[in-house]
Amino acid sequence: MTGRVAKALSEAKGLLRRPQRALPLVQKLVFDRLRITFERRHLYSYATTRRSSQDALNSAMRWILDAERADGGIAAYYSLLTGYSASYPEVTGYIVPTLYDYARACRPAQEVESAVAAADRATRWLLSLQLPGGAFPGGLQGSPAQPSVFNTGQILQGLVCAHRETKRPETLQAALAAADWLIEMQSPDGSWSGPGAYQGVAHTYYSMVAWALAEFSARTDLSADQRYARAAERHLDWVLLHFRPSGWIDGIDLQGHPYYLHFIAYVLQGVLECAVLRRRNDAIQAVESSAWALLRRFETHKYLPGAYGRDFKDARRFTCLTGNAQMSCVWLRLFQITDDLRYLNSALKMNEMLKQLIPARGSRGIAGGVSGSYPVWGCYQPFRYVSWGCKFLVDALLLEQRFTQSFEAAPCEALRCAS
Amino acid sequence: MRGIAMRIVVLGSSRYSETGCAIAARVAELGYAPVGALVLRTLDSGTLLRKVGQWGVSGAARYARTKLAPRHGADVSNPCLRPALTHGGVVFRSLRQVAARYDFPIAACRDPNAPSSIARLRQWSPDLMIFTGGNILRKPLLEVPRLGVLNVHLGLLPEIRGMSSPEWSLLNNVPPGITVHYLDAGIDTGPILQRWELPDVNRSESLTDLRNRLIAFGVSKLGDVITALDRGTMSAMPQGASPSAPGSSKDNQFFVMHEWLQRRAADRLTRGRPTAVTATVNG
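Residues numbered from 1 in each chain as written. Chains lettered and ligands numbered in written order. Predicted model: local features only at pLDDT ≥ 70, side-chain atom pairs only at ≥ 80, totals over all residues.

Looking at the overall build of chain A
For chain A, the helix and strand inventory stands at 14 helices and nine strands. In terms of overall dimensions, chain A is globule-like: its C-alpha atoms have a radius of gyration of 20 Å, near the 22 Å expected for 419 residues. Within chain A, contacts between residues separated by at least 24 positions form 68% of all contacts whose residues are at least 6 apart in sequence. (Helix = DSSP H or I, 4+ residues; strand = E, 2+ residues; numbered from the N terminus. Rg over C-alpha atoms; globule rule 2.2 N^0.38 Å. Contact = placed C-beta atoms within 7 Å.)

So this is what it looks like as structure tokens:
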């Protein structure tokens, strides 16, 4: 409670230091209030927008590039009260693959060059942060350098991708040290708990770490060394124990927070990608069960609540846009895996909804940004545009672009039945 | 030989629903004049406010216009229903006209599941009710008629349940068709009486045309089902298990199709044809 008050005070102080921020803040508050009172259509699964996916994609990428700090890291957020945060190692790490994916998929030469250059600067900055044991620190740049399992995993994603793109040996060395540290910290049951884990306890959303290890094992020349793959699978097995028949996943366990869609989607993304790399159909089926429960909710209620109680009950009435973008990614990947067009359908609808909630205009930090919550005062990252929200939106729109193009290119006969 | 004519009640989304008018007229022509019709009120403040919340002011205004100003003149919005709507040179524009011609009462309600609506339906002691659109029906209402509540679903059950059925049929290589089934508490999960593939699917020029043809096809086949039920020559079969993969938590429910996929379905209709297969439950 004290922490929350201190946080609110520090945010308010930010506004006092730069009173000119009051105008966009009030504008956003009034706009969101008016929209959710009089015009809810944009929130619904059947929403459509004239804004093209490419335009939204470029705009979200521009937001990410604008969020780059002088040290090469990417800010965690732009707050309507306090402006940009310091660089955030965790998010900078897993934005690196997004920057390279964007560069590969998009045409405007200037944007592509900027994305590649930003990825390169981000990687160099990350290398400078690695702790002697191989871990990476948690928190924002400037906070005490405590080794963090989750952040190390997320940064490992970035390092594996950067090495694939640049072949720089120092990147591989850093990735190797990070992966070794993760194995060292893993409990015998496959989870990660203790001092390196957030709040000291094991979390199922650390499936993202397992994905990073599986990716490291699959994409580097060290694939003969099965330790990393085995560690990933051990964690996968541990996470799978927490899936319930309703599709609900236990073990997210963030004290003081509800079960945000963002973390549920983290579990699903991590398990799904790890399962694909490790060819684990049981894990893919578990993800399908949860993803289908959320898809059904999205389609029947017309929107996905931002936070839930156990078994998806007691949903809170706000939208977590980051979680929405992540679910779009999960559905798109499931479409790719299962050929079930209903996943593509829901992802297209979700992307429509997201596209119209991204400000097309506004100052730096606002235009193209993905707010933590919609309306902006919702309980997930209130009054902030978050960089990981933009990252997942770019990922979702890139996947949409890829799959819709290949769908259009396929002959009629190639369309398969859903069931 | 028919005994005493079945007591049929028509449930409609609006008194101006063309499908509702066509079905009521069709069953009346077959000699089963409805004993009553229950329709949703044309417009009430609660519905309008809900529409403002869902669709915004402009969307709600559009909705109100369609409810308050039904089409006039010779034109009907679904040209395939024109034969079913035309009787003695008159084109039925509202259920009132059908009711006046075949002498049955109409009641309007805000919610068909409300106790007052159910009491009204019980007064008519129906053997059969025909759902032609409106709110989801709850168990107390479904239990009113002796035989059940019939629905014409615009897709082949159990393969394609839910919304946008013609479009999903096209994209999933399921022949477009209709299923006459009883409603139960689920979405299109009730026992199936009969299903038919639409003949000459490739004559459809667009998705709207396909949908219009399916509706008209359903209206004509519904008459056959009612006759067979009255003669006792047809019985319902429970739907089989979902055709989804074994162990999968998914079912075969489909949801409203996004515009982009609708365009692909339209391409499919005009460029490629799903293979026709024989698919009937009752032979």
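We are not done yet, so read on.
Re the overall build of chain B
Of the regular secondary structure elements, chain B holds nine helices and eleven strands. Counting every position in chain B, which comprises 283 residues, the buried fraction comes to 43%. Partitioning the intrachain contacts of chain B with sequence separation of at least 6 by distance along the chain shows that 72% fall at a separation of at least 24. (Buried ≥ 20, exposed ≤ 12 C-beta atoms within 10 Å, placed from the backbone.)

So, unusual backbone geometry
Of note, the bond from Tyr374 of chain A into Pro375 of chain A is cis; its omega dihedral lies within 30 degrees of zero at 0°. Along the chain, the position of Pro375 of chain A falls in the loop between β8 (373-374) and β9 (384-386). The peptide bond linking Leu157 of chain B to Pro158 of chain B adopts the cis configuration, its omega dihedral lying at 5°. Residue position: Pro158 of chain B is located in the loop between β7 (148-153) and β8 (161-162). Phi at Asp311 of chain A is positive, roughly 60°, even though this residue is not glycine. By the element assignment, Asp311 of chain A lies in the loop between β6 (307-308) and β7 (319-320). The partly exposed category is assigned to Asp311 of chain A, around which 13 C-beta atoms lie within 10 Å.

Some remarks on the sheet that holds strand β1 (residues 77-79) of chain A
Residue and element names in this part refer to chain A. Strands sit in the order β2-β1-β9 across an open sheet of three strands; the sheet is antiparallel. Taken across any chain shown, the strands that pair with only one partner, and hence form the sheet edges, are β2 (83-84) and β9. Across two bridges, the pairing between β1 and β2 is antiparallel. When the sheet's bridge partners are listed, Tyr78 is paired in β2 with Tyr84. (Pairing = 2+ DSSP bridges.)

Points about helix α8 (residues 207-231) of chain B
End to end, α8 of chain B covers 36 Å across 25 residues, agreeing with the expected 36 Å (1.5 Å per residue, within 8%). Immediately downstream of α8 of chain B, the backbone of Gly232 of chain B shows phi near 75°, a positive value. (Expected span 1.5 Å × (residues − 1).)

Thoughts on the confidence of the model for chain B
Residue and element names in this part refer to chain B. When pLDDT is averaged across chain B, the result is 86; 87% of the residues are at 70 or more. When the elements of chain B are averaged for pLDDT, helix α2 (residues 45-68) gives the smallest value, 74, and strand β9 (residues 177-182) the largest, 97. Under a pLDDT of 50 for its full length, residues 273-283 has, in the predicted model, 24 contacts with residues more than four places off or in other chains. Across the interfaces of the predicted complex, the ipTM metric reaches 0.87, alongside a pTM of 0.89. (pLDDT = per-residue confidence, 0-100.)

Some words on the sheet that holds strand β6 (residues 128-131) of chain B
Residues and elements named next belong to chain B. One open sheet accounts for seven strands, arranged β5-β2-β1-β6-β7-β9-β10; its pairing is mixed. Pairing within the sheet leaves two strands with one partner each, and these edge strands are β5 (106-109) and β10 (192-197). On average, each strand axis in the sheet is inclined to that of its neighbour by 20°, with strand direction left out of account. Both strand β2 (residues 36-40) and β5 contribute to a ladder of four bridges, which runs parallel. Its bridge partner being in β5, Leu38 is matched across the sheet by Ala107. (Axes fitted to C-alpha atoms, helices over the stretch in contact; angles between N-to-C directions.)

Let's talk about the nonpolar core
All names here are of chain A. One finds Ala60, Ala178, Leu213 and Val271 to be the most contacted residues of the largest nonpolar core, which totals 207 residues. Per element, the largest residue contribution to this core is twelve residues, and it comes from helix α10 (residues 261-278). When neighbours within four sequence positions are excluded, Val271 is seen to be in contact with Ser207, Leu236, Val239, Ala283, Ala286 and Val287. (Core = buried A, V, L, I, M, F, W, Y, C linked by C-beta atoms within 7 Å.)

What about helix α1 (residues 18-29) of chain B?
Turn by turn, an α-helix covers 3.6 residues, leaving residues three or four places apart pointing in a common direction. All names here are of chain B. Its twelve residues place the ends of α1 16 Å apart at the C-alpha level, agreeing with the 16 Å of an ideal helix rising 1.5 Å per residue. Taking burial as the measure, the twelve residues of α1 include eleven buried ones, the bulk of the element. Here α1 has its buried residues at Glu18, Thr19, Gly20, Cys21, Ala22, Ile23, Ala24, Ala25, Arg26, Val27 and Ala28. Of the residues trailing α1, Gly31 is marked for its positive phi of about 100°.

Remarks on the packing of helix α12 (residues 321-338) of chain A against helix α14 (residues 387-409) of chain A
All names here are of chain A. Relative orientation of the contacting elements α12 and α14 amounts to 30°, with a least axis distance of 8 Å. Overall, the two elements α12 and α14 adopt an arrangement that is roughly parallel. The chirality of how α12 crosses α14 is left-handed. For the pair α12 and α14, the contacting residues are Leu321, Thr322, Ala325, Gln326, Ser328, Cys329, Leu332, Phe335 and Gln336 in the first and Trp388, Gly389, Phe392, Leu393, Asp395, Ala396, Leu399, Glu400 and Phe403 in the second. Tallied by class, residues from the contact of α12 with α14 come to eleven nonpolar, five polar and two charged. (Parallel < 35°, antiparallel > 145°, perpendicular 65-115°, else oblique. Left-handed = near helix turned anticlockwise from the far one by under 90°. Nonpolar A, V, L, I, M, F, W, Y, C, P; charged D, E, K, R; others polar.)

What to know about the environment of Pro175 of chain B
Mapped onto the elements, Pro175 of chain B comes out in the loop between α7 (165-171) and β9. Along the primary structure Pro175 of chain B and Glu197 of chain B are separated by 22 residues, whereas in three dimensions their C-alpha atoms are 6.3 Å apart.

Describing the pairing of strand β1 (residues 8-12) of chain B
Residues and elements named next belong to chain B. Among the five residues in β1, five count as buried, and that is most of the element. Alternating residues of β1 divide into Ile8, Val10 and Gly12 and Val9 and Leu11, and every residue in both groups is buried. With four bridges joining them, β1 and β6 adopt parallel strand pairing. Residue Val9 lies in a different strand from β6, and its bridge partner there is Met129. For β1 and β2, the ladder comprises four bridges, and the chain directions are parallel. Its bridge partner lying in β2, Val10 is registered against Ala37. Regarding topology, α1 serves as the crossover connection from β1 to the parallel β2, and that connection is right-handed. (Right-handed = clockwise from strand over helix to strand, strands pointing away.)

Some details on the environment of Glu165 of chain A
All names here are of chain A. In this structure, Glu165 sits in helix α6 (residues 149-166). Given 19 C-beta atoms within a 10 Å radius, Glu165 is considered partly exposed. A C-alpha to C-alpha distance of 9.7 Å links Glu165 and Asp120, two positions 45 residues apart in sequence.

Details of the packing of helix α5 (residues 109-129) of chain A against α6 of chain A
All names here are of chain A. Where α5 meets α6, the closest approach of the two axes is 11 Å, and the angle between their N-to-C directions is 125°. As summarised for this structure, α5 and α6 are arranged oblique, according to the angle between their axes. As α5 packs across α6, the resulting crossing turns out to be left-handed. Contact residues: α5 offers Ala119, Thr123 and Leu126, while α6 offers Ile155, Gly158, Leu159 and Ala162. In the contact of α5 with α6, the residues fall into five nonpolar, two polar and no charged.

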